[in-house]
Amino acid sequence: MLKSKPPAGDEWSFEVKWDGYRLAIHIDNRSVRVLTRGGHDWTNRFPTIAADALDLGLDSAIFDGEAVVLDERGASDFSALQQALGGRGGKRSAAGALLYAFDLLYLNGHDLRPLACEERREILAGIIKPHTSILFSADVDAEGDAFLALACKMGLEGIIAKRRDAPYRSGRRGEWLKIKCVQSEGFFIIGYEPSSAALGGIGRLLLAAWKSNRLTYVGGVGTGFTDRSATTLREQLDALLIDKPALKLTRKGTRWVTPSLVAEIEFRAWTTDEKLRHASYKGLRDVADADGVLRLDE
């Protein structure tokens, strides 16, 4: 759940928010699967993480983590991770990626989900070996406001707040909170405004999010493109053209597309009528991560 400021109180712990792909590592009887949150098997795309997971020597386990590629500062770089994987729809493997593990659901036949978050994480920290591609996403001993300020100063994406006593429950229920320095979310591209003067011929993308299980228009974005990214995106959009928009919207001269491409968009804030402010295009999410489109009512 996204929040604008961190909570206060001893019942909360804080971690770095890593900018990558969330993965679940499943170990069972000396075999391993690396799954995206959409259920896609990416074991072959993260061979080092898969091999190091087996090297933990566990009979069975399921743990959550974020796969990242770090820049020269040691910060996670989402674009570098996408490039390592060959871009959206690419098939390359990211052998140099790291996994920051942050939660443990099962271990050697035992269901750990009813345990408190801090208990699960203590057990998780104990099973991770040093000097591998799997690292423990450690708590930071600081007040939330001070930690967020430091994270933003260091150019990180933001922080995560977790209730120490919460059991593991799927979905967004308020036990985990995301607080970002610059907000970044996934949105469906529902159309674009062509422009002969803009990079790739894209003057502006029109975007949508989920609300009450329907698509709702959240504004557009016309910055953040490179000549290469805009040209490639234009080709992909033109292959998805439709006659009418996927939602009730009138925009003269707009080319409407099937809402299947998910754009990662950075933005500063929301307007009072739930439109993006100061938005910038960051890239396309992989098809296996497309279920991460923002839901405004969660």
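The structure this text deals with has already been given above.
### Digging into the overall build of the protein
In step 1: Along its length, the protein carries five helices and 19 strands.
In step 2: Computed over the C-alpha atoms, the radius of gyration of the protein is 20 Å, within 12% of the 19 Å expected from 2.2 N^0.38 for a compact globule of 298 residues.
In step 3: Dimensions along the principal axes, computed over C-alpha positions, put the protein at roughly 60 × 40 × 35 Å.
In step 4: When the 298 residues of the protein are sorted by exposure, 47% land in the buried category.
In step 5: In the structure as shown, the protein presents an accessible area of about 14700 Å², 48% of it carried by carbon and sulfur atoms.
In step 6: The positive charge centre, built from 41 side chains, and the negative charge centre, built from 41, are 7 Å apart in the protein.

### Some points on the nonpolar core
In step 1: In this structure, Ile-25, Phe-46 and Phe-63 are the most contacted members of the largest nonpolar core, which totals 31 residues.
In step 2: Those elements that provide at least two residues to this core are strand 3 (21-28), strand 4 (31-36), helix 1 (47-54), strand 5 (60-68), helix 2 (78-84), strand 6 (98-107) and helix 3 (117-127).

### Considering the packing of aromatic side chains
In step 1: Per the counting criterion, the structure on display carries 10 aromatic pairs.
In step 2: Residues Tyr-21 and Phe-78 carry aromatic rings whose centres are separated by 5.6 Å and whose planes lie at 75° to one another, so their mutual orientation is edge-to-face. On the criterion of sequence distance, the pair formed by Tyr-21 in strand 3 and Phe-78 in helix 2 is long-range, its members being 57 residues apart.
In step 3: Ring centres 5.2 Å apart and planes at 70° place the aromatic pair Phe-267 and Trp-270 in the edge-to-face group.
In step 4: A relative accessible area of 27% places Trp-270 in the partly exposed class.
In step 5: Counting every residue linked through ring pairs, the aromatic cluster contains Tyr-21, Trp-42, Phe-46 and Phe-78.
In step 6: Over the aromatic face of Trp-42 sits the side chain of Arg-45, whose NZ or CZ is 4.6 Å from the ring centroid.
In step 7: Sitting over the face of the ring of Trp-176, Lys-162 holds its NZ or CZ atom 4.0 Å from the ring centroid.

### As for unusual backbone geometry
In step 1: Despite not being glycine, Asn-29 shows a phi value in the positive range, around 55°.
In step 2: For Asn-213, which is not glycine, the phi torsion reads 65° and is therefore positive.
In step 3: Positionally, Asn-213 belongs in the loop between strand 12 (202-211) and strand 13 (214-221).

### As for helix 3
In step 1: Every buried residue of helix 3 is accounted for by Cys-117, Arg-120, Arg-121, Leu-124 and Ile-127. Buried residues in helix 3, looked at end-on, bunch into an arc of 120°, giving them a common side. Among the exposed residues of helix 3, those pointing more than 90 degrees away from its buried face are Glu-122 and Gly-126.
In step 2: Looking at the packing, one finds that the buried side of helix 3 touches strand 2 (12-16), strand 5, strand 6, strand 8 (134-136) and strand 9 (158-163).

### Structural notes on the state of the cysteines
In step 1: Going through the model one piece at a time under the given rule, you end up with one disulfide.
In step 2: What pairs with Cys-152 in a disulfide is Cys-181, and their sulfur atoms sit 2.1 Å apart. With the S-S bond torsion at -100°, the cross-link from Cys-152 to Cys-181 turns out left-handed. Of the two residues, Cys-152 sits in helix 4 (residues 144-153) while Cys-181 sits in the loop between strand 10 (176-180) and strand 11 (183-194), which places them 29 residues apart along the sequence.

### Some words on the environment of Ala-239
In step 1: With respect to the helices and strands, Ala-239 occurs in the loop between helix 5 (227-238) and strand 14 (241-242).
In step 2: As a C-alpha pair, Ala-239 and Glu-119 span 120 residues in sequence and 50 Å in three-dimensional space.

### Quick word on the pattern of salt bridges
In step 1: On inspection of all chains with the given rule, the structure shows 19 salt bridges.
In step 2: Among the salt bridges present, the one from Glu-157 reaches Lys-17, with a minimum N-O distance of 3.1 Å. Separated by 140 residues along the polypeptide, Glu-157 in the loop between helix 4 and strand 9 and Lys-17 in the loop between strand 2 and strand 3 bring together distant segments of the chain.
In step 3: The exposure class of Lys-17 is buried, given its relative accessible area of 12%.
In step 4: Its salt-bridge partner being Lys-178, residue Glu-185 comes within 3.7 Å of it at the nearest N-O pair.
In step 5: One connected set of salt bridges, linked through shared partners, spans Lys-17, Glu-157, Lys-178, Lys-180 and Glu-185.

Procedures and definitions
- Residues numbered from 1 in each chain as written.
- Predicted model: local features only at pLDDT ≥ 70, side-chain atom pairs only at ≥ 80, totals over all residues.
- Heavy atoms only, no water.
- Helix = DSSP H or I, 4+ residues; strand = E, 2+ residues; numbered from the N terminus.
- Rg over C-alpha atoms; globule rule 2.2 N^0.38 Å.
- Buried < 20%, exposed > 50% of the residue type's maximum accessible area, 1.4 Å probe, protein only.
- Areas by Shrake-Rupley, 256 points an atom, 1.4 Å probe, with all protein chains shown as cover.
- Lys, Arg positive; Asp, Glu negative; His and termini not counted.
- Charge placed at Lys NZ, Arg CZ, Asp CG, Glu CD.
- Core = buried A, V, L, I, M, F, W, Y, C linked by side-chain atoms within 4.5 Å.
- Phe/Tyr/Trp six-rings, centres within 6.5 Å; stacked < 30°, edge-to-face > 60°.
- Lys NZ or Arg CZ within 6 Å of the ring centre and 35° of its normal.
- Arc of directions from axis to C-beta.
- Contact = heavy atoms within 4.5 Å.
- Disulfide = S-S within 2.5 Å.
- Salt bridge = Lys/Arg side-chain N within 4 Å of Asp/Glu carboxyl O.

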